[in-house]
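So the chains spell out like this:
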Amino acid sequence: MDSIKSIIKPWVPPAILQMLRSLLHKEIYWKGSYPTWGTAVALSSGYHADVILEKVLDATLKVKRGEFAFERDSILFQKIQYSWPVTAALMLAAAKNSGELHVLDFGGALGSSYFQNRPFLLGLKKVSWSVVEQSNFVHAGERYIQNDIIKFFNTIKDCLKVNKPNVILLSSVAQYLPHVDDLISEINKIDASILIFDRTPFALDEREKICIQIVPEKICKVSYPMRILSLRNLLSSLTNWKLTEEFLCPEGVRHVFFGPSMEFLGLIFERANDR
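Procedures and definitions
- Residues numbered from 1 in each chain as written.
- Predicted model: local features only at pLDDT ≥ 70, side-chain atom pairs only at ≥ 80, totals over all residues.
- Heavy atoms only, no water.
- Helix = DSSP H or I, 4+ residues; strand = E, 2+ residues; numbered from the N terminus.
- Expected span 1.5 Å × (residues − 1).
- Buried < 20%, exposed > 50% of the residue type's maximum accessible area, 1.4 Å probe, protein only.
- Axes fitted to C-alpha atoms, helices over the stretch in contact; angles between N-to-C directions.
- Parallel < 35°, antiparallel > 145°, perpendicular 65-115°, else oblique.
- Left-handed = near helix turned anticlockwise from the far one by under 90°.
- Contact = heavy atoms within 4.5 Å.
- Nonpolar A, V, L, I, M, F, W, Y, C, P; charged D, E, K, R; others polar.
- Core = buried A, V, L, I, M, F, W, Y, C linked by side-chain atoms within 4.5 Å.
- Pairing = 2+ DSSP bridges.
- Phe/Tyr/Trp six-rings, centres within 6.5 Å; stacked < 30°, edge-to-face > 60°.

> Which residues make up helix H4 (residues 50-64), and what values do they have?
The end-to-end C-alpha separation of H4 is 21 Å, in line with the 21 Å expected for 15 residues at 1.5 Å each. Within H4, the full set of buried residues consists of Ile52, Leu53, Val56, Leu57, Ala59, Thr60, Leu61 and Val63. Backbone geometry just after H4 places glycine 66 at a positive phi near 85 degrees.

Below you can see the structure in the form of structure tokens.
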């Protein structure tokens, strides 16, 4: 079967392969276009499912113990899968602050991005990594992951009482928020020098949509609402930030069968008054 796949793959357009895998439920897929976030919530299992935390915690602890190099969305890797633009942006933030890096990692699970970039943090003068997450993740993080560098908080407000970030990181999170505009409003008020969006889906037709993302059983059988953002609208809402770099993420361009098409982008911003 594998040999047949290797023969067929070079001759089939990627968009067709994506559709076939989605139809066969072999990978993460998306369905529908829903009028409201509440409608999509009612038709999905939700991101609060305990099984998600259990799988992420198990994977993160294996990374912490050195059994694996990297974890992303509870999937384990023997070799770190770097996002080099993100790593470069973190180093730029440190360079702007005399070698100190203070990260506000919103929706950072149990520190996946921290462990991903940890090899490059060791040479910096000072590092603090603050993860803002749901309460169940915060409780697990405080109990099993937290140390002198990485801390966990329930809200941005709680984080800012303790740490003053010079970089804000949002990796694969903005699309899962019921009120993303509220987050943007908070971000505009934070006096950080660098803002990073990573692995974020944007509609190819620039029209924001709400769909349901379905994760197959081989990963973690759950479903939850997802917002496909408008890049134009996001850029206009980030009033205090200047876009300096845009890049296509490994998830690439996704053509959804009988549904919306999107591209997963990374965006790096500098504070407007810092340039």
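> Which residues make up the packing of H4 against helix H7 (residues 135-144), and what are the values?
Between H4 and H7, the least distance of the axes is 11 Å, while the angle of their chain directions is 25 degrees. The angle between H4 and H7 places the two elements in the roughly parallel class. Regarding H4 and H7, the two cross each other, and that crossing is right-handed. Contacts from Ile52, Leu53, Val56, Leu57, Leu61 and Lys64 in H4 reach Asn136, Phe137, Ala140 and Tyr144 in H7. The residue inventory of the contact of H4 with H7, partitioned by class, reads 8 nonpolar, 1 polar and 1 charged.

> Please set out the nonpolar core residue by residue, giving values where relevant.
One broad trend across soluble globular proteins is that nonpolar side chains are buried collectively. Residues Leu90, Leu101, Leu110, Trp129, Val167 and Ile196 are the most contacted members of the largest nonpolar core, which totals 45 residues. With 6 residues, H4 is the single largest residue contributor to this core. In this view, leucine 90 contacts Leu101, Val103, Asn117, Trp129, Val167 and Ile196; residues no more than four positions away in its chain are not counted. If you look at the next biggest cluster of nonpolar residues, it comprises 28 residues, including Cys159, Val180, Ile187 and Phe197.

> For the sheet that holds strand E11 (residues 241-255), give the residues involved together with the corresponding values.
Taken together, the 7 strands give an open sheet; going across it, the order is E6-E5-E4-E7-E8-E12-E11, and neighbouring strands pair in mixed fashion. Whereas interior strands pair on both sides, the edge strands pair on one side only; in this sheet they are strand E6 (150-153) and E11. On average, each strand axis in the sheet is inclined to that of its neighbour by 20 degrees, with strand direction left out of account. As paired elements, strand E8 (residues 194-203) and strand E12 (residues 261-271) share 8 bridges and run antiparallel to each other. Residue leucine 195 lies in a different strand from E12, and its bridge partner there is phenylalanine 269. Contacts between helix H5 (residues 84-96) and the sheet are confined to strand E4 (100-106), strand E5 (126-132), strand E7 (167-171), E8, E11 and E12, with E8 contributing the most and set at about 155 degrees to the helix. Sitting on the sheet, helix H6 (residues 112-121) touches E4, E5, E6 and E7, and the angle it makes with E5 is about 175 degrees.

> Please set out the packing of aromatic side chains residue by residue, giving values where relevant.
Overall, the coordinates contain 9 aromatic pairs when judged by the stated rule. Measuring from ring centre to ring centre gives 6.1 Å for tryptophan 30 and phenylalanine 264, while their planes differ by 40 degrees; the resulting arrangement is tilted. Of this pair, tryptophan 30 sits in strand E1 (residues 29-31) while phenylalanine 264 sits in strand E12, and the two are 234 residues apart along the sequence. According to the relative accessible area criterion, tryptophan 30 is buried, its value standing at 9%. Here phenylalanine 264 falls in the buried class, since its relative accessible area comes to 5%. With centroids separated by 5.6 Å and ring planes inclined at 90 degrees, the aromatic side chains of tryptophan 84 and phenylalanine 120 adopt a geometry described as edge-to-face.

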